[in-house]
2 protein chains.
Amino acid sequence: MSDTLRVALAGLGTVGAGVIRVLDTNRDLITRRAGRPIEIVAVSARDRHKDRGVDLSRFEWLDDTAGLAALDADVVVELIGGSDGPALSLARTAIGRGKGVVTANKAMLAHHGLELASAAEAAGVPLKFEAAVAGGIPVIKGLREGAAANAIDRVYGILNGTCNFILSKMEAEGRDFADVLAEAQALGFAEADPSFDIDGIDAAHKLSILAALAFGSQPAFADVACHGIREVLAADIAEAAALGYRIRLVGVAEANGGGLFQRVHPHLVPLHHPLAHVAGSTNAVVADGNFVGRLLFQGAGAGEGPTASAVVADLIDIARGEFGPPFAMPAAALEQRPAADSGDRRGRAYVRFTVADRVGVLAEIAAAMRDAGVSIESLIQRGANPDGSVRVVIVTHDGPERSVAQALERLRGSQSLASQPLWMHILD
Amino acid sequence: MSDTLRVALAGLGTVGAGVIRVLDTNRDLITRRAGRPIEIVAVSARDRHKDRGVDLSRFEWLDDTAGLAALDADVVVELIGGSDGPALSLARTAIGRGKGVVTANKAMLAHHGLELASAAEAAGVPLKFEAAVAGGIPVIKGLREGAAANAIDRVYGILNGTCNFILSKMEAEGRDFADVLAEAQALGFAEADPSFDIDGIDAAHKLSILAALAFGSQPAFADVACHGIREVLAADIAEAAALGYRIRLVGVAEANGGGLFQRVHPHLVPLHHPLAHVAGSTNAVVADGNFVGRLLFQGAGAGEGPTASAVVADLIDIARGEFGPPFAMPAAALEQRPAADSGDRRGRAYVRFTVADRVGVLAEIAAAMRDAGVSIESLIQRGANPDGSVRVVIVTHDGPERSVAQALERLRGSQSLASQPLWMHILD
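Thresholds applied
The numbers attached to residues start from 1 for each chain and follow its sequence in the written order. The lettering of chains begins at A and the numbering of ligands begins at 1, in the order of writing. Local features in a predicted model are, by the rule used here, given only for residues with pLDDT of at least 70; side-chain atom pairs are given and counted only at 80 or more, and totals for whole chains, interfaces and linings are based on all residues. In computing side-chain properties, one takes all heavy atoms of the structure into account and sets aside hydrogens as well as water. UniProt positions are given in the numbering used here, feature names are shortened, and annotations may be inferred rather than shown by experiment. Under the scheme used here, helices are H or I runs from DSSP no shorter than 4 residues and strands are E runs no shorter than 2 residues, and both carry numbers assigned from the N terminus. With the radius of gyration taken over C-alpha atoms, the globule rule is written as 2.2 Å times the number of residues to the power 0.38. The rule is simple: take the accessible area with a 1.4 Å probe, protein chains only, and divide by the maximum for that residue type; under 20% is buried, over 50% is exposed, in between is partly exposed. Only heavy atoms matter for contacts: two residues are in contact if any of them lie within 4.5 Å across the pair. What sets the accessible areas is the Shrake-Rupley method with a 1.4 Å probe; for residues, cover comes only from the shown protein chains. Under the convention used here, Asp and Glu are negative, Lys and Arg are positive, and both His and the chain ends fall outside the count. To locate a charge, the coordinates of NZ of Lys, CZ of Arg, CG of Asp or CD of Glu are taken. Where each domain starts and ends comes from a domain assignment, either automatic or drawn from a database. The buried area of a pairing is the accessible area, by a 1.4 Å probe, that goes missing from both parts when the two are put together, added over both. Here, a salt bridge means any side-chain nitrogen of Lys or Arg that lies within 4 Å of a carboxyl oxygen of Asp or Glu. N or O atoms closer than or at 3.5 Å make up a polar contact, with two conditions inside protein: a donor-capable atom paired with an acceptor-capable one, and, for residues adjacent in sequence, both atoms drawn from side chains. Residues are grouped as follows: Ala, Val, Leu, Ile, Met, Phe, Trp, Tyr, Cys and Pro are nonpolar; Asp, Glu, Lys and Arg are charged; all remaining types, including Gly, are polar. Pairs of strands are assigned from DSSP output, requiring at least two bridges between the strands. When the copies are overlaid, the least-squares fit takes in C-alpha atoms only where the residue has pLDDT of at least 70 in both copies. Between rings of Phe, Tyr and Trp, where Trp is taken as its six-membered ring, a pair exists when centres lie within 6.5 Å; planes separated by under 30 degrees are stacked, by over 60 edge-to-face, and by other angles tilted. In this scheme, Lys NZ or Arg CZ marks a charge over a ring once it lies within 6 Å of the ring centre and within 35 degrees of the ring normal. Helix axes are fitted only over the stretch in contact, all axes being lines through C-alpha atoms; the angle between N-to-C directions runs from 0 to 180 degrees. Oblique is the label for every angle not falling under 35 degrees (roughly parallel), over 145 degrees (roughly antiparallel), or within 65 to 115 degrees (roughly perpendicular). Crossing chirality is assigned from the near helix's rotation relative to the far helix, an anticlockwise turn below a right angle marking it left-handed and a clockwise turn marking it right-handed. Nonpolar core, defined: a set of buried Ala, Val, Leu, Ile, Met, Phe, Trp, Tyr and Cys residues in which side-chain atoms within 4.5 Å join the residues together. Take the residue count of a helix, subtract one, and multiply by 1.5 Å to get its expected span.

- Looking up chain A in an unreviewed UniProt entry gives the name Homoserine dehydrogenase, with the organism given as Sphingomonas gellani.
- As stated in UniProt under Sequence similarities (unreviewed entry), the record for chain A gives "Belongs to the homoserine dehydrogenase family."

Next comes the structure, spelled out in C-alpha cells:
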C-alpha cells in the first residue's frame, strides 16, 4: 500500500487550487492517514498563466481537459462544473478507462449520477462526491455509511450558503432581498447570474443526491418542487420573527408510502429547531432515522478550504481502498420511486397576501380559506403600505396542503390581490 | 459478495437487544446497503431466560461468552462493557482467531485501544467502535474519514448525556444538583453509582478516543484532566445565565506544540455557540480543521436505538469491505505525544467563591488575584446565603491558566473561604 495514488486534476478554480493547497499543507498527515502518498501528476484548466497562488510547474499541464483521462493516473478529480459538456465527457471517459472519479459537481450527479454510478461499479472503480453536497460537511458519508442501519423518514437541511447568507443578513439588518443580493454580489458571495442559487436549483441538485442516498432511490432531480427566495420580503422575516420563527431556504425529502416527496422552499423554522440557528453561509443537514433519531451535520457549505477538504477526504478513502457503490447500494438496486403528491402532505402554512385596501378583501380571503377547508390559527393585518396596499398574513392550523392550494386557486385572478400570495411551509 | 456476514453477539443488555431489533426491522434495507445479508448466528449473555422483547431461539446460545471467539463467525460484537475482564479477553481472542471486532466499549478502547488496533491490523481484521463515542452520531467516522484531509486544531464536545440531562434540568428548573441527580436515577437516566458519568470519567474515555483519531496520537486516557459536575450549583447556572452563558460539561482536546492537551471540565458556553443549545441527553462534537473550519455533529448520545444504529453501521462497513486501520492510520504511526501543561493555555475563567461574610474577605481575594497577575473582568458579590456565607463570582480577562491556579493556590487554606472555590473555563 505504499504505492502513490496518482491524481489528475481538471479545473483550477477556487476549489481546484484549494485541493493543491490542502495536499501541500497537510502532506505528511495525509500520507499517514491515507497509508500512502497522494500526488497530483497532471492538471488542466482554461488559462495556464493565471496566478492561483500555487506552483503548477511541477505538474504536467494539459490544455485539453479530455486528455487527463488518457494519462497514467489512478483518479481524475473533476472540478470543471456543469451538468453536461466537458465535465460529463471527462467523467465518462475516465471511468471507461478504469480510473476513479472524484467530483464536486452536483448538477452532473443530479442529472447523470445513476449512469455514472452504474459505469463506475461495472468498471470496479470509485466514484465519490462528498464535495458535491454541503461543502466540507461529511454528509454524503454520514448518510451512505453513518446512518446506514436506519430507514430514513426524512432528510432535510440548509443546502445553499448564498441563500442563507442573504436571508440571515435580511434578518439581522431588516433589509430587503434585492438590496442584500446586490451587496452579496459585490462581495463575491453571490454570482453575477444568481438564479441557480436564489431560485433553489443548486439546493435541489444537492437534495436529489441526498434523497438517493437516504432512500435507496434513483436520483430524481426533475421531481424536486423548487421555489427560491426572491419573493421573501423583509416584512415576512419580521412577521415570522414575531411568531417565533426564522425563514430559511430548506430542502426536504421524505418517504411517503412508496413515493418520495422532494421540495426546496422557504420555510418558517421554529427557534427551538437547530436549523433556526444556522446563520450566514453555513450549511446544515438533518436526517431522521428510525433507530438513530435525529442526526445533525453542520459546517461550512462552500468555499475553497471546506470544499477542497471534502475532495481530499474522498481521495484518502480511495487511497485506503475504502470505497464501494457510490449511492450506498448497487445502482441496479436503487428504486425508481414516484414523486409523491404534495397535496397529501399535512402541515402548517404561512401565507402572506398583499391586497388592496378596500372593503370586503378580508372577507374574500377568509371565505376562500373556509370553502377550501383551511383552518386558520392566526391572521394579522397591518396598516397600509406606502403604496396603499395592505399586508395580510395567515398562519394555518395543521392540515393537508391540498386545501391551502385550493384556497389560493380560488383567489387566483382576484382583483383584491395586488400581487401573488407567498406561501411558506412551517417546519415541524 | 453475497456471502452472509456472520455475527456473534456478546452482551444482551439494552444495546445488544437493540442490535437484534435493528437487524430484524431494517433487514431488507440493510442487506441492500451492505451488499450481502448480515446475520447473527450466536449470542451470549448472563441470563438466558430474561425477557428482552426479541426472539433469541433462532440463535445459538453460549453460556460462556469466551466461546463466541471459537465459533464459525466473521465478526464478534462485544457489548459486555468494562475496560478489562471478559470484554478485553473476548476482543483479544477474537482478533487472535482472525475475527473482526465491533465494540461500544469506550473504557476498553481508552485503556487498550492501541494494543487491540495493533493486533487487528496484524491479523488483517476490522476493529470498529462507532458506538463507543456519542452513541448514534457518526463522529468516529467523521474524524477518521470525513475530516481526514485536515490538521485538527481542537476537538471538543458534549460527550455525556447524563451530565447534560442533569445540567439542562438544573438550568430549566432552577434546581440543585443532588435533587436532579436523584430524579435522574429514579427515571433510569443515571446509574445507581453515577460517578463514571458525573465525575467525567465516561466523557474522558470518549475524549481520549476522539483525540487519538483527530491528532494521530496514541490514546492517552491517563492524560485527561478530569473534573465533573458535582460542585456546580443552581446559583452558578443562574450567574452564568446572567452573563450570557450556559454551563455544559465539555471535553476538549487540542494540539499544543508537540504536546496534546486533554480536559473534561464544566465550561461556560456562550449563547451564540451551538453547544449552548444542546439540551437534554443529546451529544454534540465539534472539530476545528485547518481547511474545513468548524464541523459540528449532533444527535442522540446514548440509548438503545442510537447506539445499536452505530453498531450496525460498523457491521455494514465490514460487510462492504470498507474498513482499515481503526485509529485512521496504522497503530505504529500513532505518535506518543506528551501531555501539554494546562498552565500554558490562555483563556477566560469563571471562579466562584463561597466566603465568610466579614470585613476584608474581598480584599484578600482581590489581592491574591492581583499578586498572581490575574486581570478581573467582572466581580459579582451577592447578599448573604441563608447559612451566612456569601457568594463571590469573578470572571477574568483572557490570560494564562497558570495565573488563576496561582491565585487559588495563594488562597488555599484561607479562613475566609467557606468551601473550595469552583473554577470553570469559558469556551471561546
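**Notes on the overall build of chain A**
- Scanning chain A from terminus to terminus reveals 13 helices and 17 strands.
- Against the compact-globule benchmark of 22 Å for 428 residues, chain A has a radius of gyration of 24 Å, which places it among compact chains.
- The dimensions of chain A, computed from C-alpha atoms along their principal axes, are 80 × 45 × 35 Å.
- For chain A, the residues scored as buried account for 60% of the 428 residues in total.
- Long-range contacts, defined as pairs at least 24 residues apart, comprise 74% of the intrachain contacts of chain A with a sequence gap of at least 6.
- Put simply, chain A shows about 15,400 Å² of open surface, and 50% of that area lies on carbon and sulfur atoms.
- Separation between the mean location of the 40 positive side-chain charges and that of the 51 negative ones in chain A comes to 2 Å.

**What about the domain arrangement of chain A?**
- By the assigned domains, chain A splits into domain 1 (5-136 + 323-331), domain 2 (139-300) and domain 3 (344-426).
- One C-alpha centre belongs to domain 1 of chain A, the other to domain 3 of chain A, and the line joining them spans 49 Å.

**Focus on the interface of chain A and chain B**
- Every contact between the two is made by 53 residues of chain A and, on the other side, 52 residues of chain B.
- Both sides together, the interface formed by chain A and chain B hides about 4,200 Å², and carbon and sulfur atoms give 53% of it.
- A per-residue breakdown of the area chain A buries against chain B is headed by Arg 32, Arg 33 and Phe 291 of chain A, which together make up 19% of the total.
- The residue Glu 145 of chain B makes a salt bridge to Lys 141 of chain A at a minimum N-O spacing of 2.8 Å.
- Here chain A and chain B share 28 residue pairs in polar contact (both at pLDDT 80 or more) between them.
- Looking at the side of chain A that touches chain B, the elements with two or more residues in it are helix H1 (14-25), helix H2 (27-34), helix H5 (139-146), helix H9 (201-215), strand E12 (293-300) and helix H11 (304-320) of chain A.
- With eight residues, the top contributor of residues to the side of chain A that touches chain B is H11 of chain A.
- Broken down by class, the residue content of the side of chain A that touches chain B amounts to 29 nonpolar, 13 polar and eleven charged.
- As defined by bridge partners, E12 of chain A adjoins strand E12 (residues 293-300) of chain B across three bridges and the pair is classed as antiparallel. The residue of E12 of chain B that forms the bridge with Leu 296 of chain A is Gln 298 of chain B.

**Structural notes on the side chain of Arg 337 of chain B**
All names here are of chain B.
- Mapped onto the elements of the fold, Arg 337 is located in the loop between helix H11 (304-320) and strand E13 (346-355).
- Comment: no salt bridge for buried Arg 337; closest opposite-charge side chain is Glu 335, at 4.2 Å.
- Side-chain polar atoms of Arg 337 contact the backbone oxygen of Phe 215, separated by 3.4 Å.
- Within polar-contact distance, the side chain of Arg 337 engages the backbone oxygen of Gly 258 at 3.1 Å.
- Leaving out residues up to four positions away in the same chain, Arg 337 has contacts with Phe 215, Ser 217, Asp 223, Ala 255, Gly 257, Gly 258, Gly 259 and Leu 260.

**A word on the relation of the copies chain A and chain B**
- Each copy superposes on the other: chain A lies on chain B with an RMSD of 0.0 Å after a rotation of 180 degrees and an axial shift of 0.0 Å. In the structure described here, the two chain copies are related by an operation that fits a two-fold rotation axis.
- When the interface residues of chain A are mapped onto chain B, 98% of them again fall at the interface, so both copies present the same face.

**Remarks on the UniProt feature "binding site: NADPH" (unreviewed entry) in chain A**
All names here are of chain A.
- Under the UniProt annotation, "binding site: NADPH" (unreviewed entry) lies at Lys 106.
- For Lys 106, the position within the fold is in helix H4 (residues 106-123).
- Here Lys 106 is in contact with Ala 132, Asp 202, His 205, Lys 206 and Ile 209, once residues within four sequence places are set aside.

**Description of the packing of aromatic side chains**
Residues and elements named next belong to chain A.
- Taken as a whole, this structure holds five aromatic pairs over all chains when the rule is applied.
- When the ring of Phe 129 is compared with that of Phe 327, the centres are 5.2 Å apart and the planes differ by 40 degrees; the resulting orientation is tilted. Taken together, the residues span a long stretch of sequence, with Phe 129 in the loop between strand E6 (127-128) and H5 and Phe 327 in the loop between H11 and strand E13 (346-355) at a distance of 198 residues.
- Sitting over the ring of Tyr 156, Arg 154 keeps its end group 4.3 Å from the ring centre.

**Observations regarding the packing of H1 of chain A against H11 of chain A**
Residue and element names in this part refer to chain A.
- Here H1 crosses H11 at 65 degrees, and the two axes come no closer than 8 Å. When the interaxial angle is binned, H1 and H11 end up roughly perpendicular. Judged by the sense of rotation from one axis to the other, the crossing of H1 with H11 is right-handed. When H1 is examined against H11, the residues Thr 14, Val 15, Gly 18, Val 19, Arg 21, Val 22 and Leu 23 are found in contact with a partner set consisting of Glu 304, Thr 307, Ala 308, Ser 309, Val 311 and Val 312.
- When the residues that make up the contact of H1 with H11 are grouped by side-chain class, the tally is seven nonpolar, four polar and two charged.

**With respect to the sheet that holds E6 of chain A**
All names here are of chain A.
- One open sheet accounts for six strands, arranged E3-E2-E1-E4-E5-E6; its pairing is parallel. Each edge of the sheet is formed by a strand with only one pairing partner; in this case those strands are strand E3 (60-62) and E6.
- Pairing analysis gives two bridges linking strand E5 (residues 100-103) to E6, with the strands arranged parallel. In the strand pairing of E6, Val 101 is matched with Leu 127.
- Seen against the sheet, H1 touches strand E1 (5-10) and strand E2 (38-44) and runs at an angle of roughly 155 degrees to E2.

**Considerations on the nonpolar core**
- Counting 173 residues, the largest nonpolar core has Val 155 and Ile 166 of chain A together with Val 155 and Ile 166 of chain B as the members making the most contacts within it.
- Sequence-distant contacts of Ile 166 of chain B, that is, excluding residues within four places in its chain, are made with Phe 177, Val 180, Leu 181, Ala 184, Ile 198 and Ile 229 of chain B.

**Description of the pattern of salt bridges**
Residue and element names in this part refer to chain A.
- Counted under the stated rule, the structure contains 76 salt bridges over all chains.
- Note that Glu 304 is salt-bridged to Arg 21, the shortest N-O span being 2.6 Å. With Glu 304 in helix H11 and Arg 21 in helix H1, the pair connects residues that are 283 residues apart, well separated along the chain.

**Re unusual backbone geometry**
Residue and element names in this part refer to chain A.
- In this model, Ala 134 sits at a positive phi of 60 degrees, which is unusual for a non-glycine residue.
- When you line up the elements, Ala 134 lands in the loop between E6 and H5.
- The exposure class of Ala 134 is buried, given its relative accessible area of 1%.

**What about helix H9 (residues 201-215) of chain B?**
All names here are of chain B.
- End to end, H9 covers 21 Å across 15 residues, agreeing with the expected 21 Å (1.5 Å per residue, within 8%).
- Buried residues dominate H9, accounting for 14 of its 15 residues.
- One or two positions beyond H9, positive phi appears at Gly 216, with a value near 65 degrees.

**Notes on the sheet that holds strand E3 (residues 60-62) of chain B**
Residue and element names in this part refer to chain B.
- Reading across the sheet, the six strands line up as E3-E2-E1-E4-E5-E6 and stay open at both edges, with parallel pairing between neighbours. A single partner strand is all that each edge strand has here, and the edge strands are E3 and strand E6 (127-128).
- Two strands pair when backbone bridges link them, and strand E2 (residues 38-44) and E3 are joined in this way by three bridges, in the parallel orientation. In the strand pairing of E3, Val 43 is matched with Trp 61.

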